[in-house]
Each structure stands twice: as C-alpha cells, then as structure tokens.
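Coordinate inspection notes
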Amino acid sequence: QGQLAESGGDVVQPGGSLRLSCTTSRIIFSIYNMGWYRQAPGKQRELVASITVTGNTNYADSVRGRFTISRDNAKNTVYLQMNSLKPEDTAVYYCNADRPRAVNPGLPPNYWGQGTQVTVSS
C-alpha cells in the first residue's frame, strides 16, 4: 500500500454528485499541500483542485463552481466534492501530496495515489 489511500470513484449519471476521499499519514498531512488530478483516456493528466496546509484553494476553470476541495485534520483526509457532473469529467482521479518549498528538502517532494475511476454516463 502507498502513502495515499483513495476512494469514492463510481459510475454516476450526468448532473449527479460524488465525493472522493484521500487519506494519508498524520505527518504527511500536516506538512504537505494536497491536490486532486485527473486523467481521461487519450488526455494529459491535469490539476483539478488543490489545497494548502493553511487552507488556500485553487481550481481548474473547468470545475470551478462545481467541485469543492476540503481538508479534515482530525482524519488526515482530503475530499473532493463533485457536483453537477458532466460526461467530460470522466477520468481516473489521483490524489497528490506536494512538499512546500519551505519544508526540509530532504523529504520526498511528492506522493501519488493509485487513482480512482469516475465515470459520468447515462
């Protein structure tokens, strides 16, 4: 098992909702910024949303207003709430942990989850 454990991927109809979860260790969660990426068939992997340790968020234009990224410090978990899903959202979604510049460079620069499949189809 890797450092990031993802869950929540499923098949859903257009307009539906899903919540993805990514759980990591307390140490990684406390010092790394977190994000969600996705990769559709034949497409490059793209950043969907990110959140820093302090709670600052960023979203891709294609999902802004529909998706929400959040952190639960008690559970060492980052979530991606996905609403108003479209067929174009179909992809494998990957959790990512990214080392901030201020953190000890001796630590690993990033971690990746195994990915969870999201399929939006009628």
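Overview of the structure.

Quick notes on the rules
- All chains use their own residue numbering, which begins from 1 and follows the written sequence.
- A pLDDT threshold of at least 70 governs which residues receive local features in this predicted model, and a stricter bar of 80 or more applies before side-chain atom pairs are shown or counted, although totals over entire chains, interfaces and linings include all residues.
- The side-chain quantities take in all heavy atoms of the structure and omit both hydrogens and water.
- Helix numbering and strand numbering both begin at the N terminus, where a helix is a DSSP run of H or I of at least 4 residues and a strand a DSSP run of E of at least 2.
- For the purposes of these results, a polar contact is taken to be a pair of N or O atoms within 3.5 Å, where, inside protein, one atom must be able to donate a hydrogen and its partner to accept one; residues adjacent in sequence count only when each atom of the pair is a side-chain atom.
- For Phe, Tyr and Trp, where Trp contributes only its six-membered ring, two rings pair if their centres lie within 6.5 Å, and the inter-plane angle classes them as stacked under 30 degrees, edge-to-face over 60, or tilted in between.
- Two conditions define a charge sitting above a ring: the NZ of Lys or the CZ of Arg must be within 6 Å of the ring centre, and it must be within 35 degrees of the ring normal.
- Residue exposure (1.4 Å probe, protein chains only): buried if accessible area is under 20% of the type maximum, exposed if over 50%, otherwise partly exposed.
- The pairing criterion is simple: DSSP has to find at least two bridges between the two strands.

Observations concerning the side chain of R38
Along the chain, R38 falls in strand 4 (residues 33-39). Of note is the side chain of R38, whose polar atom sits 2.8 Å from the side chain of E46. Separated by 2.9 Å, the side chains of R38 and D89 make a polar contact.

Here's the deal with the packing of aromatic side chains
Applying the stated rule across the entire model yields 2 aromatic pairs. Plain terms: the ring middles of Y32 and Y111 are 5.6 Å apart, the flat faces sit at 55 degrees to each other, and that makes the pair tilted. Note that Y32 is positioned in the loop between helix 1 (26-31) and strand 4 and Y111 in strand 10 (residues 110-112), a separation of 79 residues in sequence. For R45, the ring lying beneath its charged end belongs to Y94, and the centroid distance is 3.8 Å. One residue, R71, lies across the ring of F29, its end atom 4.0 Å from the ring centre.

Here we look at the pairing of strand 7 (residues 67-72)
Here strand 7 shows a buried face lined by F67, I69 and R71 and an unburied face lined by T68, S70 and D72. Relative to strand 8 (residues 77-82), strand 7 runs antiparallel, the two sharing 6 bridges. Looking at the pairing, R71 lines up with V78 of strand 8. Between strand 7 and strand 8, which pair antiparallel one after the other, the connecting turn spans 4 residues, and N76 there sits at a positive phi close to 50 degrees.

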